[in-house]
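Listed here are the chains, written in short residue letters.
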Amino acid sequence: MSAEYRDPATVERLLGTIARTVTRPWTLMEICGGQTHAILRAGLDRLLPQGVRLLHGPGCPVCVTPIERIDQAIELAARPDVILCSFGDMLRVPGSVGDLLAARAAGGDVRAVYSPLDALALAQREPQRQVVFFAVGFETTAPAAAAAVRQAAALSVGNFSLLMAQVRVPPAIAAILEAPDCRVQGFLAAGHVCTVMGQGEYAPLVARFGVPIVVTGFEPVDILLGVLACLRQLEAGQARLENAYARAARADGNPAARALLEDVFEPVTRRWRGLGAVPDGGLGLRPGYAAFDAAARFGLADREAAEPAACRAGEVLQGRLKPAECPAFGRDCTPQRPLGAPMVSSEGACAAYYRYRGA
């Protein structure tokens, strides 16, 4: 199926339709880092008509995890009684005192896993150790974390916990639109988030801010269909929630996954790198599962940490700065020696520009 959504002839036809549709400049933002990489890989931003600008939003959960949360993970990894489990992308993201790979080199037990259920299985195999899973991600990864917690509770696995860094996309969109100098006139919403959560949280944003939001997929044809739908609304002076990814995203999402999230987690204010504290911008454990909160279990201090002075990742994540416009890009900040998370993550905007546009 993916081949038809990469078909050059279809891409060319859509670009022609977009060119005939546009009569004035417009600025759109994609929220998903996977979409950012697809746009750069196919060169879609360069093929669109002059005046149609794509900004790259805070679409990578690894990138938006704040430095202080990474510092907490490093602190846990230094404890001899703890096994710190994480997705592989997080291991090289710099905190204020190094990264998790450095913590492992210093003797910490840091392990890359594919799923929080892998970490739970490890806790069952090693009951004498505390196993902490670094729970990072958007609503797409949250159901697996919730399933691990609920299973741990059912099996009375007392040495398993989560260091919570799960975030929610709609409140971040609101935070971007509330900025007084916001330039975004339409959003391409992340289709995979909507396959889980549905589209109900986006309609109030459309009504409140008067901007089109189009649920969009991840292949070149998908992205151009989303761009075209958004531009047609803007040209007509309209603002609606529209689904351009109907083959995968339904209006109600995945009811079973949503019920699981509702049971285990609740919305909480959470800091995002680049956006600061976002009301309801994260997920926290409900009181019935609070025993699985690693920050509370280990008494981790909740303090803010600043980005390196030369790193402008916060502006990149807000769409205020293109990666190549950062003076450190490709010079002081490279994938081998990153200053900030967007250069590390496989979905980071800086990594996309470095890979597809060069230093």
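Please read these numbers as outputs of a predicted model, since none were measured by experiment.

Q: Explain the packing of helix α8 (residues 142–155) against helix α13 (residues 255–264) here, please?
A: Two numbers describe a pair of packed helices, the interaxial angle and the distance between the axes. Remark: α8 packs on α13, axes separated minimally by 9 Å, with the N-to-C direction vectors making an angle of 55°. Judged by the inter-axis angle, α8 sits oblique to α13. Crossing of α8 against α13: the hand is left-handed. Note on element contacts: α13 touches α8 through Ala257, Leu260, Leu261, Asp263 and Val264, opposite Ala142, Pro143, Ala146, Ala147, Val149 and Arg150. For the contact of α8 with α13, the class distribution of residues is nine nonpolar, no polar and two charged.

Q: I keep staring at unusual backbone geometry and nothing clicks. Help me out?
A: Most peptide bonds are trans, and most residues other than glycine sit at a negative phi. Phi at serine 156 is positive, roughly 55°, even though this residue is not glycine. Considering the arrangement of structural elements, one finds serine 156 in the loop between α8 and β6 (160–166). Look at aspartate 280: it is not a glycine, yet its phi comes out positive at around 60°. Following the sequence through the fold, aspartate 280 ends up in strand β11 (residues 276–285).

Q: Teacher, can you tell me more about the pattern of salt bridges here?
A: Should the charged atoms of two oppositely charged side chains come close, the side chains can pair. If you walk through the whole model with that rule in mind, you get 18 salt bridges. In this structure, arginine 357 engages aspartate 45 in a salt bridge whose closest nitrogen and oxygen atoms are separated by 2.7 Å. Within this pair, whereas arginine 357 is found in helix α16 (residues 349–357), its partner aspartate 45 is found in helix α3 (residues 44–47), the two being separated by 312 residues in sequence. Under the relative-accessibility criterion, arginine 357 is labelled partly exposed at 24%. Glutamate 68 is paired through a salt bridge with arginine 271; the nearest N and O atoms lie 2.6 Å apart.

Q: In this structure, what is going on with the pairing of strand β5 (residues 130–137)? I would like to understand it.
A: Consecutive side chains of a regular strand alternate in pointing toward one face of the sheet and then the other. For β5, the buried fraction is high: seven of the eight residues fall into the buried class. Direction of pairing for strand β3 (residues 82–86) relative to β5: parallel, over a ladder of four bridges. Paired with leucine 84 across the two strands is valine 132, which belongs to β5. As paired strands, β5 and β6 are joined by seven bridges and run parallel to one another. Following the sheet pairing, valine 132 is matched in β6 by serine 161. Note on the crossover from β5 through α8 to β6: the handedness is right-handed.

Q: Can you help me understand the side chain of glutamine 199 in this one?
A: You can see glutamine 199 is positioned in the loop between α10 (191–197) and α11 (203–209). We classify glutamine 199 as buried; its relative accessible area is 10%. Ignoring anything within four residues of it in the chain, the contact list for glutamine 199 reads Cys194, Val215, Leu241, Asn243, Ala249, Arg250 and Ala251.

Q: How do you make sense of the side chain of serine 86 when you look at a structure like this?
A: Along the chain, serine 86 turns up in strand β3. Apart from the residues lying within four places of it in its own chain, the contact partners of serine 86 are Leu91, Arg111, Ala112, Val113, Phe133 and Phe134.

Q: It is not clear to me how the sheet that holds β5 should be interpreted in this structure. Could you clarify?
A: Note on sheets: strands pair through backbone hydrogen bonds, and any given pair is parallel or antiparallel. Judged by pairing direction, the sheet is parallel, and its four strands sit side by side in the order β4-β3-β5-β6 without closing on themselves. Where the open sheet ends on each side, the last strands, each with one partner, are β4 (109–112) and β6. Between one strand and the next, the sheet's axes are offset by a mean angle of 25°, whatever the strand orientation. Sitting on the sheet, helix α5 (residues 67–77) touches β3, β4, β5 and β6, and the angle it makes with β6 is about 160°. Against the sheet, helix α7 (residues 116–125) touches β3, β4, β5 and β6, its axis set at about 175° to β5.

Q: Before we go on, may I ask you to explain the nonpolar core in this structure?
A: As a rule of thumb, nonpolar side chains are buried together in soluble globular proteins. Core analysis: the largest hydrophobic core is formed by 58 residues, its most contacted members being Leu76, Leu100, Leu163, Phe187 and Tyr202. In terms of residue count, the dominant contributor to this core is helix α9 (residues 169–178) (six residues). For tyrosine 202, the contacting residues outside a window of four places in its chain are Val169, Pro170, Ile173, Ala189, Val193, Cys194, Ile213 and Leu241. Counting residues in each nonpolar core, the second largest holds 37 residues, with Tyr5, Ile39, Val52 and Cys326 among its members.

Q: Please clarify how helix α1 (residues 8–21) should be interpreted in this entry.
A: Three- or four-residue spacings in an α-helix give side chains the same orientation, since the helix completes a turn every 3.6 residues. Taking 1.5 Å per residue, 14 residues should reach 20 Å; α1 reaches 20 Å between its end C-alpha atoms and fits that length. Among the residues of α1, those classed as buried are Thr10, Val11, Leu14, Leu15, Thr17, Ile18 and Thr21. Along the axis of α1, the buried positions cluster into a sector of 160°, meaning they face one direction only. Residues Pro8, Glu12, Arg13 and Arg20 are exposed on α1 and point more than 90 degrees away from its buried face. Those residues of α1 hidden inside the fold are in contact with α3 and α12 (220–235).

Criteria and thresholds
- Residues numbered from 1 in each chain as written.
- Predicted model: local features only at pLDDT ≥ 70, side-chain atom pairs only at ≥ 80, totals over all residues.
- Heavy atoms only, no water.
- Axes fitted to C-alpha atoms, helices over the stretch in contact; angles between N-to-C directions.
- Helix = DSSP H or I, 4+ residues; strand = E, 2+ residues; numbered from the N terminus.
- Parallel < 35°, antiparallel > 145°, perpendicular 65-115°, else oblique.
- Left-handed = near helix turned anticlockwise from the far one by under 90°.
- Contact = heavy atoms within 4.5 Å.
- Nonpolar A, V, L, I, M, F, W, Y, C, P; charged D, E, K, R; others polar.
- Salt bridge = Lys/Arg side-chain N within 4 Å of Asp/Glu carboxyl O.
- Buried < 20%, exposed > 50% of the residue type's maximum accessible area, 1.4 Å probe, protein only.
- Pairing = 2+ DSSP bridges.
- Right-handed = clockwise from strand over helix to strand, strands pointing away.
- Core = buried A, V, L, I, M, F, W, Y, C linked by side-chain atoms within 4.5 Å.
- Expected span 1.5 Å × (residues − 1).
- Arc of directions from axis to C-beta.

By themselves these figures say nothing about function.
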